[in-house]
Amino acid sequence: MLGKGVVGGGGGTKAPKPSFVSYVRPEEIHTNEKEVTEKEVTLHLLPGEQLLCEASTVLKYVQEDSCQHGVYGRLVCTDFKIAFLGDDESALDNDETQFKNKVIGENDITLHCVDQIYGVFDEKKKTLFGQLKKYPEKLIIHCKDLRVFHFCLRYTKEEEVKRIVSGIIHHTQAPKLLKRLFLFSYATAAQNNAAADPKNHTVMFDTLKDWCWELERTKGNMKYKAVSVNEGYKVCERLPAYFVVPTPLAEEDVQRFQGHGIPIWCWSCHNGSALLKMSALPKEQDDGILQIQKSFLDGIYKTIHRPPYEIVKTEDLSGNFLPLQEIQTAYSKFKQLFLIDNSTEFWDTDIKWFSLLESSSWLDIIRRCLKKAIEITECMEAQNMNILLLEENASDLCCLISSLVQVMMDPHYRTRIGFQSLVQKEWVMGGHCFLDRCNHLRQSDKEEVPVFLLFLDCVWQLVHQHPPAFEFTETYLTVLSDSLYIPIFSTFFFNSPHQKDTNVHQRQLSLPLTQSKSSPKRGFFREETDHLIKNLLGKRISKLINSSDELQDNFREFYDSWHSKPTDYHGLLLPHIEGPEIRVWAQRYLRWIPEAQILGGGTVATMSKLLEMMEEVQSLQEKIDERHHSQEAPQAEPPCLLRNSARLSSLFPFALLQRHSSKPVLPTSGWKALGDEEDLAKREDEFVDLGEV
């Protein structure tokens, strides 16, 4: 298991992709026998992968000393990735403690992972897109996993420069068709490699049996039932083929408005309360249809309020919580803090780094999400309330909040298999639009809305604060976030189960891409139907629940009470959400920035040192015992772990893959401002604390 493999902190780590994200597992991924060779450097192609263009005599900068050093080699572009093949492979760091990805090499960039491409013309950096009249002397690629690559093209033939630059721009920036994604080529070429894994118990929730199992596991089968009314997606293409609804709900009601306006079960608590979600009804202008919708919702309301369904509290996530545009804007600002071109740029932003971090609002958004999840947990755990999450399509914030609540309340979802099943249930089968939110098809010039990454960041806060409660570590989450941009794993490349099943099993059918629009500013319903939610799901329910002030008091009492007691890692789990407790996910965001790492430091390095000391003590004890028996003095032997400790860093297992700078590269003015070497050393010591932020 990946998580447990990291904790030991000893030898090399080959971190596999989580098995649930693909039709095939990493050990089944074989390179094609076809190889492109030059100067004894080999380009390995995956099954179905094709070489598109290449350029030789390209200098890959190491981003040290303002990009003055590097390695020569070939820059190639395939229909899967951009890859740099260094002429001198010995120049690359082969440290066994580095993270090793079985699909992507350290100098590989999948086409979907490319964020922005820049060209340098006469020392001026410009964004590249479309057809170019003039080609750059340097190429800079910013990746969605926050890597930054610099390539010098000065010594490359002009025709090769045109081909490689045009090819990279076209295959990473131009709009794509769904059926042209590499995952289809790979699935066809590698289909004979797939085999069942008896150890993989991830519940996929693609059968009625899976949902019945989950109902039985959570003891929700007395109040809720799994239905197959959408089998074959004949009712709604947005919903999965099977899902769970309240037992009294008739199947004809599910079909009434194509699955809209239906309370869909997510999870049941040990005390009988449940977490539900519901999407908006179709937007209509006709008064007659509006009246039908009102009667329909009134019937739904009565269904979920009569025994045994306790009190229901609604949470309108579309109008009263967090707009998707705010998430997009915050992350756009946040990621710029980590897309560093060189050491000089890094140190230039050092003084204002924390103010820029605060102004991005990303950590505040994480705090708000965790707080909302705690509020819902309090209602379910302490007040035995059912919670109904409301959202326009119930496929963004509903997925996020419902998943966080389940991670906090259900220890099963803090295991590796349980967490994978949770993602499958709430995100994949819940209809989260991965294709649109990650902008895999480049259909618009808008930036991605990283809702799933926000979820992983929230989970990381819990893992960081309560590591013994989880069966996996932060490295598992980091690898999972990287999988969003690897077009081998079908999990994160479709908008719905219907779109995935139709395209994967019937590739000759080309479905139109369903663009998911942002939620209306007015809230869950449009203006004409605002009165429905206010009257039907507002006034009536408000009589049954506490006022907002009382809810806030209950939240604080519940939150403080839980944190005042010893933590039961197999029970309810709440995060600290006070200001300094919400931290930057250092391993993911800072892993490619050597200046932000603590060489020979961090949790893993500390554990390694402790293990070395324990091993040395044990070795000495054995020598003492031998001396008592043989009266011969032992010769000291170095502990086997000692040779590895100096190679670890605070961001283990991700190594320094891009630049290796022993001291910061600062402009002359920066050195003068810092003072003497002693002052600089103090400043460096203060700064490296960023690695533990």
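Keep in mind it's a predicted model, so treat the numbers as computed, not measured. (Residues numbered from 1 in each chain as written. Predicted model: local features only at pLDDT ≥ 70, side-chain atom pairs only at ≥ 80, totals over all residues. Heavy atoms only, no water.)

Undergrad: Explain the sheet that holds strand 17 (residues 312-316) to me, using residue names and the numbers behind them.
TA: The strands that make up a sheet pair up through hydrogen bonds in the backbone, lying either parallel or antiparallel. Spatially, 4 strands are ordered 15-16-18-17 in an open sheet, and the strand pairing comes out mixed. Lying at the two open borders of the sheet, with one neighbouring strand each, are strand 15 (264-268) and strand 17. On average, adjacent strands in this sheet sit at an angle of 25 degrees to one another, irrespective of strand direction. Here strand 15 runs beside strand 16 (residues 274-279); their pairing, made up of 4 bridges, is antiparallel. Bridge pairing links Trp267 to Leu275 in strand 16. Packing of helix 10 (residues 362-383) onto the sheet brings it into contact with strand 15, strand 16, strand 17 and strand 18 (386-391), and relative to strand 18 it is tilted by some 145 degrees. (Pairing = 2+ DSSP bridges. Helix = DSSP H or I, 4+ residues; strand = E, 2+ residues; numbered from the N terminus. Axes fitted to C-alpha atoms, helices over the stretch in contact; angles between N-to-C directions. Contact = heavy atoms within 4.5 Å.)

Undergrad: Before we move on, could you go through the environment of Tyr118 and cite the residues and values that matter?
TA: Relative to the elements of secondary structure, Tyr118 occurs in strand 9 (residues 114-121). Among the residues examined, Tyr118 registers a relative accessible area of 15% and is labelled buried. Remark: the alpha-carbon pair of Tyr118 and His150, spanning 32 residues in sequence, is separated by 9.5 Å. Every residue in contact with Tyr118, bar those within four places of it in the chain, is listed here: Lys125, Lys126, Thr127, Leu128, Lys138, Leu139, Ile140 and His142. (Buried < 20%, exposed > 50% of the residue type's maximum accessible area, 1.4 Å probe, protein only.)

Undergrad: Residue-level account of the pattern of salt bridges, with values.
TA: This structure, assessed with the given rule, holds 24 salt bridges. Here the salt bridges do not stand alone but share partners, grouping Glu214, Arg217, Lys277, Asp410, Lys425 and Glu426 into one network. (Salt bridge = Lys/Arg side-chain N within 4 Å of Asp/Glu carboxyl O.)

Undergrad: Talk me through the confidence of the model for the protein chain; I want residue IDs and the actual numbers.
TA: Of the residues in the protein chain, 74% have a pLDDT of 70 or more, and the chain-wide mean is 79. Low confidence marks residues 656-677, where pLDDT is under 50. Its contacts with residues over four positions away, or in another chain, come to 44 contacts. Across residues 680-693, where pLDDT falls below 50, the model places 30 contacts with residues more than four positions away in sequence or in other chains. (pLDDT = per-residue confidence, 0-100.)

Undergrad: Tell me what's going on with the sheet that holds strand 10 (residues 124-127), and back it up with residues and numbers.
TA: Within the open sheet, the 8 strands sit side by side as 8-6-5-4-12-11-9-10. Their pairing is antiparallel. Each having just a single partner strand, strand 8 (108-110) and strand 10 make up the two edges of the open sheet. When the angles between neighbouring strand axes are averaged without regard to direction, this sheet yields 30 degrees. Bridging between strand 5 (residues 70-78) and strand 6 (residues 81-86) involves 5 bridges; their strand directions are antiparallel. Looking across to strand 6, one finds that Val76 is bridged to Ala83. The strands touched by helix 2 (residues 158-173) are strand 4 (51-61), strand 5, strand 6, strand 9 and strand 11 (138-143); relative to strand 4, the strand with the most contacts, the crossing angle is about 110 degrees.

Undergrad: Let's hear about the packing of helix 12 (residues 416-428) against helix 15 (residues 474-482): which residues, and what values?
TA: Where helix 12 meets helix 15, the axes come as close as 13 Å, and the angle between the chain directions of the two elements is 30 degrees. One finds that helix 12 runs roughly parallel with respect to helix 15. Judged by the twist between their axes, the crossing of helix 12 over helix 15 is right-handed. Across from Arg416, Phe419 and Gln420 in helix 12, the residues of helix 15 making contact are Tyr476, Leu477 and Leu480. In the contact of helix 12 with helix 15, the residues fall into 4 nonpolar, 1 polar and 1 charged. (Parallel < 35°, antiparallel > 145°, perpendicular 65-115°, else oblique. Left-handed = near helix turned anticlockwise from the far one by under 90°. Nonpolar A, V, L, I, M, F, W, Y, C, P; charged D, E, K, R; others polar.)

Undergrad: Could you give an account of unusual backbone geometry, with specific residues and numbers?
TA: For residues besides glycine, phi is generally negative; the peptide bonds are generally trans as well. One non-glycine residue with positive phi stands out, namely Gln258, at about 55 degrees. Inspection of the secondary structure assignment puts Gln258 in the loop between helix 5 (251-256) and strand 15. Gln258 gets classed as partly exposed once you look at its relative accessible area, which sits at 40%. Backbone geometry places Ala394, a non-glycine residue, at a positive phi of 55 degrees. Structurally, the position occupied by Ala394 is in the loop between strand 18 and helix 11 (397-409). Since its relative accessible area comes to 5%, Ala394 is described here as buried.

Undergrad: So what's going on with helix 14 (residues 451-465)? Residues and values would help.
TA: An ideal rise of 1.5 Å per residue puts 21 Å on 15 residues; helix 14 measures up with 22 Å between its terminal C-alpha atoms. Counted residue by residue, helix 14 has 14 buried out of 15 residues, so it is predominantly covered. (Expected span 1.5 Å × (residues − 1).)

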